[in-house]
Amino acid sequence: MFEGSFLGDKERIDPQARLECGICWWVYDPEQGDELGQVAPGTPFAALPPHWTCPNCDSPQHKFMVIDGE
């Protein structure tokens, strides 16, 4: 895995943490959610549905890196 990875363990991610796609650098911000993916604002990354992928490049969730938060 790479630096910043949550190592596939979503329980390690702070609910307020923002994560960045390691492929296209799109940022998932829980305060904003993902309108395209029908994810409501306030949804933490750990609560995303299993089928959710990056709305910009379709990368799977394990390609995301924590950029802030514990």
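Higher on the page you've got the structure.
Quick caveat, the model's predicted, so the values are computed rather than measured. (Residues numbered from 1 in each chain as written. Predicted model: local features only at pLDDT ≥ 70, side-chain atom pairs only at ≥ 80, totals over all residues. Heavy atoms only, no water.)

A. Layout of the nonpolar core. Counting residues in hydrophobic clusters, the biggest one holds 11 residues: Ile13, Ala17, Leu19, Cys21, Tyr28, Val39, Phe45, Leu48, Trp52, Cys54 and Phe64. Aside from chain neighbours lying at most four places away, what touches Leu48 is Lys10, Tyr28, Val39, Thr43 and Gln61. (Core = buried A, V, L, I, M, F, W, Y, C linked by side-chain atoms within 4.5 Å. Buried < 20%, exposed > 50% of the residue type's maximum accessible area, 1.4 Å probe, protein only. Contact = heavy atoms within 4.5 Å.)

B. Just the pairing of strand 1 (residues 18-21), in detail. Only one face of strand 1 is buried: it carries Leu19 and Cys21, and the other face, with Arg18 and Glu20, is open. Summarising the sheet, strand 1 and strand 2 (residues 27-28) pair through 2 bridges and their orientation is antiparallel. If you follow Glu20 over to strand 2, its bridge partner there is Val27. Counting the residues in the hairpin turn of strand 1 and strand 2 gives 5 residues, including Trp25, whose phi is positive at 75°. (Helix = DSSP H or I, 4+ residues; strand = E, 2+ residues; numbered from the N terminus. Pairing = 2+ DSSP bridges.)

C. How the structure looks around the state of the cysteines. A complete count under the given rule lists 0 disulfides for this structure. Not part of a disulfide, Cys54 finds its nearest cysteine sulfur in Cys24, a span of 3.6 Å. Free cysteine Cys57: the closest other cysteine sulfur is in Cys21, separated by 3.7 Å. Judged by relative accessible area, which is 31%, Cys57 ranks as partly exposed. (Disulfide = S-S within 2.5 Å.)

D. Main features of the sheet that holds strand 2. Strands sit in the order 2-1-3 across an open sheet of 3 strands; the sheet is antiparallel. The open sheet has two free edges, formed respectively by strand 2 and strand 3 (64-68), since each of these has just one partner strand.

E. Quick peek at unusual backbone geometry. At Trp25, a position not held by glycine, the phi torsion is positive, near 75°. Position of Trp25 among the secondary structure elements: in the loop between strand 1 and strand 2. Of note, Gln38 is a non-glycine position whose phi angle comes to about 60°, a positive value. Here Gln38 shows up in the loop between strand 2 and strand 3.

F. Local environment of the environment of Gln16. Looking at the secondary structure, you find Gln16 in the segment before strand 1. The spacing of Gln16 and Pro44 is 28 residues in sequence and 6.4 Å in space, taken between C-alpha atoms. In this structure, Gln16 is in contact with Pro30 and Asp68, ignoring residues within four places of it in sequence.

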